[in-house]
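Fold and geometry: a report
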Amino acid sequence: MSAPQWNNKVVKWVDDRLPVISMLHHSAYEYPTPKNLSYMWNFGSLAGFVLVTMILTGIFLVMNYTPHTDMAFESVERIMRDVNYGWLIRYIHMNGASMFFIVVFIHIFRGLYYGSYKAPREMLWWIGILILLAMMATAFMGYVLPWGQMSFWGATVITNLFSAFPIIGDPLVTWLWGGFSVDNPTLNRFFSLHYLMPFVILGLVVLHVWALHTVRSNNPTGVEIKTPADAIPFHPYYTIKDLYGIGVFLIFFSVFVFFAPDFLGHPDNYIPANPLVTPPHIVPEWYFLPFYAILRSIDFTIFGIPAKLLGVLAMFASIVILFVIPWLDTSKVRSSKFRPVYKWFFWLFVIDTFILGYCGAKAPDDYFLGIPGLKVIVMGQLSTLYYFAHFLVVMPLVGKMERTKPLPASISESVMKEGANA
Amino acid sequence: MSQTVHSSGEHQPDENRRDFLTLATTAVGAVGVGCALLPFVDSMNPSKDVLALASVEVNLANIPVGQAIKVMWRGKPVFIRHRTEREINEAEDVALNELVDPQTDDARVEKKEWLVVVGVCTHLGCIPMGTATGETRGDYDGWYCPCHGSHYDTSGRIRRGPAPLNLVVPEYEFLTDTSVRIG
Amino acid sequence: MRKFALTAIAAAFAVTAFTGGAAKAAGDAPVPEAQDWSWQGLFGTYDRAQLQRGFQVYKNICAGCHSLRFIAFRNLEGIGFNEDQIKAIAAEYDIEDGPNDDGDMFTRPGLASDYFPSPFPNEKAAAAANGGAIPPDLSLMNKARVGGPDYVFGLLTGYEEEAPEGFDLADGKYYNHYFPGHQISMAPPLYDEAVEYTDGTPMTLEQHARDVTAFLNWTAQPELEARKALGMKVILFLLVLTAMLYAVKRKIWRDVEH
C-alpha cells in the first residue's frame, strides 16, 4: 500500500505538494473492502448521495426563499408556481428528507444486525449517532421554514419540550424563540441553522469515513479481514455496486417526487401558519413518529419527576442509549447471522419501532389497530418498555447466555461454503 | 455465483464487450447527470412572475412638450422625453461623422416627438441627469452623466465623455397615440 | 443476505404506506367517497373544458367570499385560455393600484400579471361579513385537506337539509356530512343550474361541484401534467441506466467469489 507513482507530470506536481490525489487513490480506489458485502452495505454511500442532493437542492431553493413570517409561505408557493422547475427542486428537497431517513434508518438497522458497533468500531458508531442527531435537528428546522400550520405548531410543540427542564426550562425556551412565542426571530434563526447544519453533517461524514477506513468495513460474517484474499479494492468493485444501488434508489425516489410528492407530507402544511388555531392532530413527520410515541407514552410520575420531564428524558435517552450499546452487547460474535437467539430479538426490535411509529401517528385515546380495549397509549408504553429493555436487558443477557453458531475461519472460507451450497 | 467458470477461449471477445458496455453506461450516466443539472441552471433564469412584469404600459397624456419622465422597466429607469420642435431639429441636424456611435435620429424613435431610451449610462451603468426639470442636461441638451462626465444629445446619443455607445433604445410600441408599451 | 435486503426494502415501503395512511386516517368526520378524477393515475391529465367550467363556477359563486391569491390571470393559460381571453377576463376585475403621483390609491382594470383580487380588504372584514368565520383562500384547498379533491367534492355535495335527530345545530350553521364536526358556517353554495354552462354539460349541483373541484385541483397543482410527463421520462431513463449499471456490475464481479 505504498504511495502510487504518478506518471502524469501535473498530477505528480500537485500530489508532491498536496497529496489529495494519493489520498483519494488510497481511500476511494485501493481501499481494501471485504469481498462478501451484501446490498445492505449500499446504504452508507447512498446516504452520502442523498446528503449531496439535499445540499444542492437546498442551495437553489434558498435563492428564491424568504425567511420572513409574512413571506415564507408565499415565497415557497412562488417557487412551486413561478420559478423554472421550482416545483421539481422543492419536491426533491421535501421528499429527499424522507428518503434520507429511510436510507439512514436501514443503515443503522444493518449496523445493529451485524454488530457493526462492536470493537474496534465504537468511534465509527458514535459519529454515526451524531450524524443522526444532526439530521434530526436539521429536518426539524427545515420543516418549519415553509411556515405552514404544521411548521408553526411543530416548532411550538418541540421547542416547548425544553420547558420541561426545571428552573432553566422557561428562560431556555424564550431564548430559543427569541421572543415569547414562535415568531419571526425563531424562523430567522431556524433558517440560519438549517443552512449551517448540513455542512456540519458533511464534516461528520468525513470523520465517519475516516474512522471507517481506519478500522475497515464490517461484513455479513462479522469476521475481520485476515488475508489479502478476503478483500478486494474498492474500485471498481464497490464503486459500480454503489452506482447500481443509486440507480435503484433513484427510481424509488422518483416515484415519490413525480407521482406522489405530497404523500409523505401533511395537508395542514399547505395552510399558512396561524398562531390562533391549532390543527386538530399535530403529528410530526413520519421519521420522528417512534420518538414522538416514546415522548407521549410517559404519562405518569416517578419519584416526583413530572411526566412531562420524564417523557422528554425518555425521548432523548432513546437515542443517547445507542452510544453505550458497544458495551451493553456482551456477545463475542458480531453478526446476528451466527446468533440464533438474538436474531429473533433483533426482528422483534424492528417490529417494535414500527409499532412505536404507528402509535406516534395516532391519538393516544385511539384504539391500536382498531382493537377494542387496546388503547394506543398503552401499546405505546409497552413498546417503549421493550425499546429500552432490548438494549438494557436483552443485549447483555442474550449475549452471555446464547450458544452461537460456529464462525467461518475467514471471509474467503465463508464465501466458498456459500458457493458450494448454491 | 453461477458463471465463475469461463473457458479461456471466450475471454477475449468478452473483454471487448465489457469495455463497450462500460463505455456506453458511462455515456448514458453522463447524459443523465447533465440533464439532471439543467433544471437547476434553468431555475436561475427569470421566473414566470418576473417575465410577466417584463413589459410596462405607460400613459403619455400627462407629459407636456419639453418635459421627460422616468419609469421603471425591468428594474431599470426608462427616460421618455416629449421633445420640442427645436430638440427634434437638433437631433436630426447632426452629421453622422460627428458621432461617436453613428446612428440617425430616425433610427432611434418611432414618433419624432417621443424619445424612449433606457436611462443607464453605457459607460459604467450610472443614471444620467437631465430628465427632471432643472437638472443639468449637459452640453448637448440631452443628458449628462455625473459619474464620469458623459454628455448625451437630444436623441440620447453619446457626444462627449468616456461612454462608448448611445443610450439603448428599448423595444417598445405605441398602443394608442398617448400610450406606449415598453418591452 | 438477500432476504435481509428484501425485508428491509419491504419494510421501507411498509413504513411509508403505514404511517402515511395512519396520519391520513386521523379525524372524526366520515371519510369522503373516492371519486374518479381525470388527472389520476400515471397518465391522467386535466380536462381543459372541465377546468374552464370549474373556473366559471368559482368566478360566479365561490369568488363572492373566497380569495384565490396564488393565481394570477396569466396563469389561466394553463386551463386553455389564450392571451386575448385572459386580458378580457382580467379587465373585468378592478385592481387597486398606486399610489399615483398625487399619493392616492386608485383602481384600474386588471392586467394579465395581476392576481385574483380578494373579495374582502382584510381578514377582519372577511370575518365580520361572515359571522366570524373567515372564508379560507382556495388556491391550495385540494392539497390542504385530508382526502384532497374527494373531500372538497364531498363537502360541496354533502349538505343535508336537516341535521339528524338529536344533533344540536348552532344558529347560523349548516349541517354537512363531511365537514369535521358537521357544523359548517358556509351556506350550501351550489344548486342545480347555479351557473349557466354553454357546452351542453348538465347543470346539476353535482356537476358544478365536480367541475369546481377539478378547477381547484389545478389551482393547487398547476404543475401536475408537467410533473407526470417529466416523471415518466426520468423513470424510463433510470430503468435503462440502472439495467446497464447492473450489467456492468455483473461483468466486473464475474471473477470474484462473493
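Residues numbered from 1 in each chain as written. Chains lettered and ligands numbered in written order. Predicted model: local features only at pLDDT ≥ 70, side-chain atom pairs only at ≥ 80, totals over all residues. Heavy atoms only, no water.

Going by what an unreviewed UniProt entry lists, chain B is known as Ubiquinol-cytochrome c reductase iron-sulfur subunit and is assigned to Thalassospira tepidiphila MCCC 1A03514. Listed in UniProt under the heading Subunit (unreviewed entry), the comment for chain B reads: "The main subunits of complex b-c1 are: cytochrome b, cytochrome c1 and the Rieske protein." (UniProt positions renumbered as here; feature names shortened; annotations may be inferred.)

**Observations regarding the overall build of chain B**
Scanning chain B for helices and strands turns up three helices and nine strands. Counting from the amino terminus, helix and strand elements in chain B follow one another as α-α-β-β-β-α-β-β-β-β-β-β. On C-alpha atoms alone, chain B measures out to a radius of gyration of 29 Å, which is more than a quarter above the 16 Å that the 2.2 N^0.38 rule sets for 183 residues. For chain B, the spread of C-alpha atoms along the principal axes amounts to about 95 × 35 × 30 Å. In chain B, the proportion of contacts linking residues at least 24 apart, taken out of those at least 6 apart, comes to 54%. (Helix = DSSP H or I, 4+ residues; strand = E, 2+ residues; numbered from the N terminus. Rg over C-alpha atoms; globule rule 2.2 N^0.38 Å. Contact = heavy atoms within 4.5 Å.)

**Quick notes on the state of the cysteines**
Counted under the stated rule, the structure contains one disulfide over all chains. The partner cysteine of Cys126 of chain B in its disulfide is Cys147 of chain B, sulfur to sulfur 2.1 Å. Measuring the twist about the S-S bond at about -100°, one finds the Cys126 of chain B-Cys147 of chain B disulfide to be left-handed. Remark: Cys147 of chain B occurs in the loop between strand E5 (141-145) and strand E6 (150-153) and Cys126 of chain B occurs in the loop between strand E4 (114-118) and E5; sequence separation between them is 21 residues. Between Cys145 of chain B, a free cysteine, and Cys121 of chain B, which holds the nearest cysteine sulfur, the sulfur-to-sulfur gap is 3.8 Å. In this structure Cys145 of chain B comes out as buried when scored by relative accessible area, which is 2%. Looking at the unpaired Cys65 of chain C, the closest cysteine sulfur is the one in Cys62 of chain C, lying at 9.2 Å. (Disulfide = S-S within 2.5 Å. Buried < 20%, exposed > 50% of the residue type's maximum accessible area, 1.4 Å probe, protein only.)

**Some words on the domain arrangement of chain B**
Partitioning chain B into domains gives domain 1 (15-45) and domain 2 (52-182). Computed over C-alpha atoms only, the centres of domain 1 of chain B and domain 2 of chain B are separated by 50 Å. (Domains from an automatic or database assignment.)

**Brief notes about unusual backbone geometry**
Here the residue pair His235 of chain A and Pro236 of chain A is connected by a cis peptide bond, since its omega of 5° sits within 30 degrees of zero. Of the consecutive residues Gly98 of chain C and Pro99 of chain C, the connecting peptide bond is found in the cis state with omega at 0°. Inspection of the secondary structure assignment puts Pro99 of chain C in the loop between strand E1 (94-97) and strand E2 (106-109). Positive phi is not limited to glycine here, since Phe303 of chain A has a value of about 50°. On the secondary structure map, Phe303 of chain A appears in the loop between helix H11 (289-297) and helix H12 (307-320).

**Thoughts on the side chain of Ser47 of chain B**
Here Ser47 of chain B lies in the loop between helix H1 (11-42) and helix H2 (48-52). A distance of 2.8 Å separates the side chain of Ser47 of chain B from the side chain of Arg78 of chain A, its partner in a polar contact. Among all residues touching Ser47 of chain B, those that are not within four sequence positions of it are Arg78, Asp82, Val83 and Asn84 of chain A. (Polar contact = N/O pair within 3.5 Å; in protein donor to acceptor, adjacent residues only side chain to side chain.)

**Side note on the UniProt feature "transmembrane region" (unreviewed entry) in chain B**
When the UniProt feature table is mapped onto this chain numbering, "transmembrane region" (unreviewed entry) sits at residues 20-41 of chain B. Each end of residues 20-41 of chain B is marked by a C-alpha atom, and these two atoms are 31 Å apart; helix forms 100% of the span and strand 0%.

**Description of the packing of helix H5 (residues 86-113) of chain A against helix H6 (residues 122-144) of chain A**
All names here are of chain A. Where H5 meets H6, the closest approach of the two axes is 12 Å, and the angle between their N-to-C directions is 155°. In terms of their interaxial angle, H5 and H6 are classed as roughly antiparallel. Handedness of the crossing formed by H5 with H6: left-handed. Here Phe100, Phe101, Val104, Phe105, Ile108 and Leu112 of H5 lie close against H6, whose contacting residues are Trp125, Leu132, Met135, Met136 and Ala139. Split by residue class, the contact of H5 with H6 holds eleven nonpolar, no polar and no charged. (Axes fitted to C-alpha atoms, helices over the stretch in contact; angles between N-to-C directions. Parallel < 35°, antiparallel > 145°, perpendicular 65-115°, else oblique. Left-handed = near helix turned anticlockwise from the far one by under 90°. Nonpolar A, V, L, I, M, F, W, Y, C, P; charged D, E, K, R; others polar.)

**Comments concerning the interface of chain B and chain A**
With eleven residues of chain B at the interface, the matching set in chain A holds 13 residues. Carbon and sulfur atoms supply 64% of the area that chain B and chain A bury against each other, a total of about 1,100 Å² over both sides. The interface formed by chain B and chain A includes one salt bridge. One salt bridge in this structure joins Arg78 of chain A and Asp49 of chain B, with 2.6 Å as the shortest N-O distance. At the surface where chain B touches chain A, the tally comes to six residue pairs in polar contact (both at pLDDT 80 or more). When residues of the side of chain B that touches chain A are traced back to their parent elements, those giving at least two are H1 and H2 of chain B. Its residues assigned to classes, the side of chain B that touches chain A shows five nonpolar, three polar and three charged. (Buried area = accessible area lost by both parts, 1.4 Å probe. Salt bridge = Lys/Arg side-chain N within 4 Å of Asp/Glu carboxyl O.)

**Looking at the sheet that holds strand E9 (residues 179-182) of chain B**
Residue and element names in this part refer to chain B. The strand order across the open sheet formed by three strands is E1-E9-E8, and the pairing between neighbours is antiparallel. Only two strands of the sheet have a single partner each, and these edge strands are strand E1 (56-59) and strand E8 (172-176). Across the sheet, the mean angle from the axis of one strand to that of its neighbour is 25°, orientation sign disregarded. For E1 and E9, the ladder comprises four bridges, and the chain directions are antiparallel. Bridging across to E9, Val56 finds its partner in Ile182. (Pairing = 2+ DSSP bridges.)

**Section: the interface of chain C and chain A**
Facing the 55 residues of chain C at the interface are 64 residues of chain A. The contact between chain C and chain A buries some 5,300 Å² in all, and 77% of this surface belongs to carbon and sulfur atoms. Put simply, Glu74 of chain A and Arg69 of chain C hold a salt bridge, and the shortest N to O gap is 2.4 Å. One can count eight residue pairs in polar contact (both at pLDDT 80 or more) joining chain C with chain A. Contributions of two or more residues to the side of chain C that touches chain A are made by helix H1 (2-25), helix H6 (205-220) and helix H7 (224-253) of chain C. Among the residues making up the side of chain C that touches chain A, the classes are represented as 36 nonpolar, nine polar and ten charged.

**Focus: the packing of aromatic side chains**
Applying the stated rule across the entire model yields 56 aromatic pairs over all chains. Ring plane angle 70° and centroid distance 5.4 Å describe the contact between Tyr387 of chain A and Phe388 of chain A, whose orientation is recorded as edge-to-face. Take Tyr387 of chain A and Phe388 of chain A: they sit in the same class, and that class is buried. Ring geometry for Tyr387 of chain A against Phe391 of chain A: centres 5.5 Å apart, planes inclined by 75°, an arrangement best described as edge-to-face. A residue pair is termed a helical-turn pair when its members lie 3 or 4 positions apart in one helix, as Tyr387 of chain A and Phe391 of chain A do in helix H15 (residues 376-401) at four residues. Each member of the pair, Tyr387 of chain A together with Phe391 of chain A, is buried. Site record: aromatic cluster; members linked through ring pairs are Trp41, Phe109, Tyr113, Tyr114, Phe346, Trp347, Phe349, Tyr387, Phe388 and Phe391 of chain A. Over the face of the ring belonging to Tyr39 of chain A we find Lys241 of chain A, whose NZ or CZ atom lies 4.6 Å from the ring centre. The ring of Trp143 of chain B is capped by Arg81 of chain B, whose NZ or CZ atom sits 4.4 Å from the centre of that ring. (Phe/Tyr/Trp six-rings, centres within 6.5 Å; stacked < 30°, edge-to-face > 60°. Lys NZ or Arg CZ within 6 Å of the ring centre and 35° of its normal.)

**Concerning the sheet that holds E5 of chain B**
All names here are of chain B. Here we have three strands laid out as an open sheet, ordered E5-E6-E7, and antiparallel in their pairing. Each edge of the open sheet carries a strand with a single partner, namely E5 and strand E7 (158-160). On average, each strand axis in the sheet is inclined to that of its neighbour by 35°, with strand direction left out of account. Note that E5 and E6 share four bridges and pair antiparallel. Within the sheet, the bridge partner assigned to Cys145 lies in E6 and is Ser150.

**Structural notes on the nonpolar core**
Among the nonpolar cores identified, the biggest contains 141 residues, and Phe101, Leu112 and Phe391 of chain A are the most heavily contacted of them. If one sorts the elements of this core by residue count, H5 of chain A sits on top with 18 residues. Residues contacting Phe101 of chain A, with those up to four places away along its chain left out, are Leu132, Met135, Met136, Ala139, Trp286 and Tyr287 of chain A. Within the second largest apolar cluster, 43 residues are counted, among which are Phe55, Ile86, Leu138 and Tyr151 of chain C. (Core = buried A, V, L, I, M, F, W, Y, C linked by side-chain atoms within 4.5 Å.)

**A look at the pattern of salt bridges**
Under the counting rule described, the total for this entry stands at 33 salt bridges over all chains. The partner of Asp153 of chain B in a salt bridge is Arg159 of chain B, and the shortest N-O contact between them spans 2.8 Å. The buried category is assigned to Asp153 of chain B, whose relative accessible area is 2%. We classify Arg159 of chain B as buried; its relative accessible area is 14%. Measuring nitrogen to oxygen at the nearest pair gives 2.8 Å for the salt bridge that ties Arg53 of chain C to Asp211 of chain C. Of the two residues, Arg53 of chain C is situated in helix H2 (residues 48-60) and Asp211 of chain C in helix H6; the sequence distance between them amounts to 158 residues. Assessed through its relative accessible area of 10%, Arg53 of chain C is described here as buried. Shared partners join several salt bridges into a network, and the residues in it are Lys118, Asp329, Arg339 and Glu402 of chain A.

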